[in-house]
Amino acid sequence: MYSYSPSKLPNTRVDAADILRGLAIGGIVIIHFLEHLNFYVFPELTSMDHAVWDFVFFWLANKMYAIFSLLFGFSFFVQHDNQAQKGKDFRSRFVWRMILLALWGVFDLLFYNGDILLVYAVCGLFVLPFIRLSNKVLMGIALFFMLQPIELVYLVGGILNPELQPLNLGANEAYSAIVPAQIDGSFGEVAWVSLKYGLLANFQWAIENGRMTQTVFLFVMGIIIGRYRFLYDEGDNRILWKRMMIYSLLGFVVLYPMQEYIPSMIHNACVSHSLGIMLKMWMNLSMMFFYVSGITWLYHCTKGGKKLIWIAPYGKMSLTNYLTQSIFGAMLFYGWGFGLYQYCGHTFSLLIGIAFVCLQYVFCRWWLKSHQRGPFEDLWRRATWI
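Predicted model, so just to flag it, every value in this text is computed and none were measured. Numbers given to residues run from 1 along each chain, matching the order in which its sequence is written. Only residues with pLDDT of 70 or above have their local features reported here, since the model is predicted, and side-chain atom pairs are shown and tallied only from 80 upward, although totals for entire chains, interfaces and linings are computed over all residues. Note: side-chain values were computed over all heavy atoms of the structure, leaving out hydrogens and water.

## A few points about the overall build of the chain
Logical step 1: When helices and strands are counted, the chain shows 16 helices and zero strands.
Logical step 2: Here the globule rule reads 2.2 Å times residues to the power 0.38, and the radius of gyration is calculated from C-alpha atoms. In summary, the chain has a C-alpha radius of gyration of 21 Å against a globular reference of 21 Å for 386 residues, a match within 12%.
Logical step 3: By principal-axis analysis of the C-alpha atoms, the chain measures approximately 60 × 55 × 40 Å.
Logical step 4: Summary of the burial criterion: residues with accessible area below 20% of their type's maximum are buried, those above 50% are exposed, and those between are partly exposed, where the area comes from a 1.4 Å probe applied to protein chains only. Out of the 386 residues in the chain, the part that is buried amounts to 54%.
Logical step 5: Every residue pair with non-hydrogen atoms within 4.5 Å of one another is taken to be in contact. Taking contacts inside the chain between residues at least 6 apart in sequence as the whole, the part at least 24 apart equals 82%.
Logical step 6: Only the protein chains shown count as cover for residues, with accessible areas throughout obtained via the Shrake-Rupley method and a probe of 1.4 Å. Accessible surface for the chain amounts to roughly 17,900 Å². Of this, 68% is attributable to carbon and sulfur atoms.
Logical step 7: Positive charges are assigned to Lys and Arg, negative charges to Asp and Glu, while His and the chain termini are left out of the count. For the purpose of locating charges, the reference atoms are NZ of Lys, CZ of Arg, CG of Asp and CD of Glu. In the chain, 28 side chains carry a positive charge and 22 a negative one; their mean positions are 17 Å apart. Only DSSP runs of H or I covering at least 4 residues are called helices, and only runs of E covering at least 2 are called strands; the numbering of each starts at the N terminus.

Structure (structure tokens):
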């Protein structure tokens, strides 16, 4: 069970990981701007707005967070393995690092009530005991969480008891309690209700919608990918990337119509709801793995793919980009700022999101000319090794 030993090869900087991380955080920022930073109040929407919403959510929603989560697990492996190669144990330092990440999450909540950093910190501590397990045991753990055990329990429970209702921890009610402050409250009022309701609501929503178990699965998969050096151009990885592209695409083709139609055909509310979440999660995972394998193959195996390296600076500053999108996004859309929620439908919100990502990218390029890391990344690293 405990068969871990440090890898014998150096964990050099992985350009493919930075590229994937950059695409993921860019997609997350665009989705958040489309949602007005978890502030679902919009002006009268046009048919174009609805088309934009459907298009963006089809291609990006849940897939970008999944890539981001996968790379979090991969980074954990790299940090742990680098220290293990030096004969040091990184685990106690990782606990401190997750405490610091939780503090970043509290800071983020002051602006954006949909923060994911706190959830990551808790899931990171949950995954910590797995870091030295054998590959076979890790695979088993990953499979268990991929199967969405909470939804599986409710699905079986719904079959045994047709009166059983879907899991509802109260996330929607908590988020609704924040809206009045977002409309016309001051920054202090929004920050207070975000801490009061948003902190717990993020965990409630993550559990209700399968995000919590999916995050644990992706953290573990990131560790496995790190151990097998899947993102490096070496060994049989080129064959693996192609196979992953084919299998994940086939999985998406099968799962998409299933999640679209099967839940609606089931009259049992609990079974329909749970099955819908499971199928949608698996469909999004298929699409995510297609993105990861496809982009990795494109970068390593094609001349044109080498140009993807220009995305890497944006990925190297993912924490800075995540936190600044919360600060400036809230300022743009919330009532305490410019109140653009009153004027921007989905189309204009998308354009603003794309423009903001471009501004962030320009800043990243400029900053990294004279710094090794982004400002928030550097603070996090310094505090980690204090």
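Continuing now.
## Some thoughts on the nonpolar core
Logical step 1: Core analysis: the biggest nonpolar cluster contains 120 residues, and Ile67, Leu231, Met288 and Tyr322 have the highest contact counts within it.
Logical step 2: For this core, the leading source of residues is helix α12 (residues 269–301), giving 13 residues. What we call a nonpolar core is a set of buried Ala, Val, Leu, Ile, Met, Phe, Trp, Tyr and Cys residues that are connected through their side-chain atoms within 4.5 Å.

## Notes on the environment of Leu9
Logical step 1: By secondary structure assignment, the location of Leu9 is in the segment before α1 (15–34).
Logical step 2: For Leu9, a relative accessible area of 43% puts it in the partly exposed group.
Logical step 3: Distance from Leu9 to Gln204, taken between C-alpha atoms, is 41 Å for residues 195 residues apart in sequence.
Logical step 4: Discounting chain neighbours no more than four positions away, the residues touching Leu9 are Gln85, Arg229 and Glu234.

## Considering a nonpolar patch on the surface
Logical step 1: On the surface, Val95, Trp96, Ile99, Leu103, Leu125 and Ile386 cluster together into a nonpolar patch covering about 560 Å² of accessible area.
Logical step 2: Of all the elements, helix α4 (residues 91–109) adds the most residues to the nonpolar patch, at four residues.
Logical step 3: When its relative accessible area of 76% is taken as the criterion, Ile386 is described as exposed. Like charges within 9 Å and nonpolar side chains (Val, Leu, Ile, Met, Phe, Trp, Tyr) within 5 Å are joined into patches, using only residues over 30% in relative accessible area that form no salt bridge. Between Lys or Arg on one side and Asp or Glu on the other, a salt bridge is scored when a side-chain nitrogen of the former is within 4 Å of a carboxyl oxygen of the latter.

## Some details on the side chain of Thr296
Logical step 1: With respect to the secondary-structure elements, Thr296 resides in helix α12.
Logical step 2: Judged by its relative accessible area of 0%, Thr296 falls in the buried class.
Logical step 3: Any pair of N or O atoms that falls within 3.5 Å is considered a polar contact. Within protein, one atom must be able to donate a hydrogen and the other to accept it, and sequence-neighbouring residues count only if both atoms are side-chain atoms. There is a polar contact of 2.6 Å between the side chain of Thr296 and the backbone oxygen of Val292.
Logical step 4: Excluding residues within four positions of it along the chain, Thr296 makes contact with Ala16, Leu20, Leu231 and Trp241.

## Here's the deal with the pattern of salt bridges
Between side chains of opposite charge, pairing is possible as soon as their charged atoms come close.
Logical step 1: Taken as a whole and judged by the stated rule, the model has seven salt bridges.
Logical step 2: When the shortest N-O distance is used, the salt bridge between Asp18 and Arg13 registers 2.8 Å.
Logical step 3: Arg13 gets classed as exposed once you look at its relative accessible area, which sits at 55%.
Logical step 4: Note that Arg132 is salt-bridged to Asp89, the shortest N-O span being 3.6 Å. A residue pair is termed long-range when its members are at least 10 positions apart, and Arg132 in the loop between α5 (117–127) and α6 (135–146) and Asp89 in the loop between α3 (63–85) and α4 qualify at 43 residues.
Logical step 5: Residue classification places Asp89 among the partly exposed positions, given a relative accessible area of 39%.
Logical step 6: Each of Arg13, Asp18 and Arg21 takes part in one network of salt bridges that share partners.

## A look at unusual backbone geometry
Logical step 1: A positive phi angle, near 55°, is found at Leu37, a position not held by glycine.
Logical step 2: Positionally, Leu37 belongs in the loop between α1 and α2 (47–59).
Logical step 3: Using a relative accessible area of 0% as the deciding quantity, one classes Leu37 as buried.
Logical step 4: At Asn62, a residue that is not glycine, the phi angle is positive and equals roughly 70°.
Logical step 5: Position of Asn62 among the secondary structure elements: in the loop between α2 and α3.

## Observations regarding the side chain of Asp81
Logical step 1: Relative to the helices and strands, Asp81 resides in helix α3.
Logical step 2: Buried within the structure, Asp81 lacks any salt-bridge partner; Arg229 is the closest side chain of opposite charge, at an N-O distance of 6.3 Å.
Logical step 3: One polar contact links Asp81 to Asn11, side chain to side chain, over a distance of 2.9 Å.
Logical step 4: In contact with Asp81, other than residues within four places in its own chain, are Tyr4, Pro6, Ser7 and Asn11.

## Some remarks on the packing of α5 against helix α9 (residues 187–208)
The axes of two packed helices give the description: the angle between them and the distance between them.
Logical step 1: α9 packs onto α5 with a crossing angle of 55° between their chain directions and a minimal axis gap of 9 Å. Relative to α9, α5 is oriented oblique. The chirality of how α5 crosses α9 is right-handed. Along the contact surface, α5 presents Leu118, Val119 and Val122, while α9 presents Leu199, Asn202 and Phe203.
Logical step 2: Each residue is assigned to one of three groups, with Ala, Val, Leu, Ile, Met, Phe, Trp, Tyr, Cys and Pro labelled nonpolar, Asp, Glu, Lys and Arg labelled charged, and all others, Gly among them, labelled polar. Of the residues contributing to the contact of α5 with α9, the split by class is five nonpolar, one polar and no charged. The convention used is that axes are lines fitted to C-alpha atoms, helices contributing only their stretch in contact, and that angles between N-to-C directions extend from 0 to 180 degrees. Any angle from 65 to 115 degrees is called roughly perpendicular, while one under 35 is roughly parallel, one over 145 is roughly antiparallel, and all others are oblique. Left-handed describes a crossing in which the near helix is turned anticlockwise from the far one by less than a right angle; the clockwise case is right-handed.

## Brief notes about the environment of Ile327
Logical step 1: Residue placement: Ile327 occurs in helix α14 (residues 318–333).
Logical step 2: C-alpha of Ile327 to C-alpha of Leu109: the two residues are 218 residues apart in sequence and 9.8 Å apart in space.

## Here we look at helix α8 (residues 171–184)
Logical step 1: The seven residues ending at a residue and the seven starting there each receive a fitted axis; the angle between those axes is the bend at that residue. Along α8, the sharpest kink reaches roughly 25°, centred on Ile178 and followed within four residues by the proline Pro180.
Logical step 2: Buried residues in α8 make contact with α9.

## Considerations on the packing of aromatic side chains
Logical step 1: Note on aromatic contacts: the rings of Phe and Tyr and the six-membered ring of Trp form a pair at centre separations within 6.5 Å, being stacked when their planes are under 30 degrees apart, edge-to-face when over 60 apart, and tilted otherwise. Scanning the entire structure with this criterion turns up 34 aromatic pairs.
Logical step 2: Where Phe39 meets Tyr341, the ring centres are 4.8 Å apart and the plane angle is 55°; that geometry is what we call tilted. Of this pair, Phe39 sits in the loop between α1 and α2 while Tyr341 sits in the loop between α14 and α15 (346–368), and the two are 302 residues apart along the sequence. Each member of the pair, Phe39 as well as Tyr341, carries the same accessibility label: buried.
Logical step 3: Where Phe107 meets Phe111, the ring centres are 5.5 Å apart and the plane angle is 65°; that geometry is what we call edge-to-face.
Logical step 4: Residue class for Phe107 comes out partly exposed when judged on its relative accessible area of 28%.
Logical step 5: In this structure Phe111 comes out as buried when scored by relative accessible area, which is 11%.
Logical step 6: Here the aromatic residues Trp104, Phe107, Phe111, Phe187, Trp336 and Phe376 are joined through ring pairs into a cluster of three or more.

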